[in-house]
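# Topology and contacts: notes
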Amino acid sequence: MSGPYKGSKPGLVSHNDIEESQNSSIPPVTASTNNLATSEKQPEWPRDHQLDSNDSPTYPKSGEPLPGASPSLASDKSNAADDETKEAVPYPEGGLQGWLVVLGSFCGMLAAFGLMNSVGTFQAYLSTHQLAAYSESQIGWIFSVYVFLAFFCGIQIGPVFDAKGPRLLVLVGSVLLVASVLLLGSCTQYWHFMLVFGLVGGCGTSLIFTPAISSIGHFFLATRANATGIAAAGGSVGGVIFPLMLQSLFPKVGFGWATRIMGFIVLFLCVLANLLIRTRLPRKPGGSVLPDFKIFRDP
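Everything numeric in this text was worked out from a predicted model, so none of it was measured.

### Thoughts on the overall build of the protein chain
- Within the protein chain, the secondary structure is distributed over ten helices and two strands.
- In sequence order, the protein chain lays out its α and β elements as α-α-β-β-α-α-α-α-α-α-α-α.
- Out of the 299 residues in the protein chain, the part that is buried amounts to 33%.
- Sequence-distant contacts, at least 24 apart, represent 80% of the contacts inside the protein chain between residues at least 6 apart.
- For the protein chain, the accessible area works out to roughly 18500 Å², and carbon and sulfur atoms hold 63% of it.

### A few points about the state of the cysteines
- All told, the structure shown has zero disulfides when counted by the stated rule.
- No disulfide involves C203; its sulfur sits 4.3 Å from the nearest other cysteine sulfur, which is in C153.
- The class of C203 is partly exposed, set by a relative accessible area of 26%.

### Here we look at the side chain of T121
- Along the chain, T121 turns up in helix 5 (residues 119-126).
- Apart from residues lying up to four places away in sequence, T121 is in contact with P243, L246, Q247 and F250.

### Examining the side chain of S206
- Mapping S206 onto the fold places it in helix 9 (residues 190-214).
- Judged by relative accessible area, which is 0%, S206 ranks as buried.
- In this structure, S206 is in contact with L149, A150, C153, G154, I157 and P211, ignoring residues within four places of it in sequence.

### Description of the UniProt feature "transmembrane region" (unreviewed entry) in the protein chain
- The feature "transmembrane region" (unreviewed entry), as annotated in UniProt, sits at residues 99-119, 139-161, 168-185, 191-213, 225-245 and 257-277 in this numbering.
- With 100% helix and 0% strand, residues 191-213 has end C-alpha atoms that lie 32 Å from one another.
- This span, residues 257-277, is 95% helix and 0% strand, and a straight line between its end C-alpha atoms measures 30 Å.

Cut-offs applied
- Along each chain, numbering runs from 1 in the same order as the chain's sequence is written.
- In keeping with the model being predicted, local features are shown solely for residues with a pLDDT of at least 70 and side-chain atom pairs are shown and tallied solely at 80 or more, while totals for entire chains, interfaces and linings include all residues.
- Derived side-chain values reflect all non-hydrogen atoms in the structure, with water molecules and hydrogen atoms excluded from consideration.
- Helix numbering and strand numbering both begin at the N terminus, where a helix is a DSSP run of H or I of at least 4 residues and a strand a DSSP run of E of at least 2.
- Under the scheme applied here, a residue whose accessible area is under 20% of the maximum for its type counts as buried, over 50% as exposed, and between as partly exposed, the area being computed with a 1.4 Å probe on protein chains only.
- In this description, contact between two residues means that some pair of their heavy atoms is separated by no more than 4.5 Å.
- Note on areas: Shrake-Rupley with a 1.4 Å probe; residue coverage comes only from the protein chains shown.
- Any two cysteine sulfur atoms within 2.5 Å of one another count as a disulfide.
- UniProt positions are given in the numbering used here, feature names are shortened, and annotations may be inferred rather than shown by experiment.

Quick look at the structure:
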């Protein structure tokens, strides 16, 4: 018999090796472990709390700035809250009232931009009849003033629309536009056309189409582009109907009655626009009716 085996055999582990592996598997207790346990026993209050007289934590109300927050940060949060409130305003996205507004805007755009798209027909006729003694550039000034006023007056009409609504604007615009078309047949001198068509017609066009487009935004949000496109198509329809109608009526009934017939059509369209165009959202309290020229500084 040989003495006790002191070497190693495959599959056999000595008793000393087992004790050393058990001791090495136990992690040592460090200071970080003690600190973790201490922190779990002593929870910290959030930094934005305050203590009342009973040493109980109180938190700022919704919308109030946090203690130590800068005024600019508080104002930014206030503006963000206002934006969220605006987005929370429900929009009917159509309905009977909304689509009636689109129909009224369509009629207003047909009358206003239908006349604007007919300036080429008027210029071609006037250059060979009433204003044959004037050059093309001189005649073009009449229609240039008309187009300029039709768009430029929107700087003032927009703030008035926000403060007072569309009713008075569309009414005044309808009177000016109908008067311009009806009186156009009686004009014989250059300054007659400049006054009646350039000034009166330009202001009337702007007073109608600006509220007609803006009113749609009170009833549509997600589908606002579609509704605005349908209303704006009225100008294209008028740009097809009115020039063809005038070219057919000029040799048959003359310039005077051709413009009067067009004026009666414009009158009917403006009546529908006055009856159907309206707003829904509340007006801005204390809003100014003066134009804000800061818009020219925006990139």
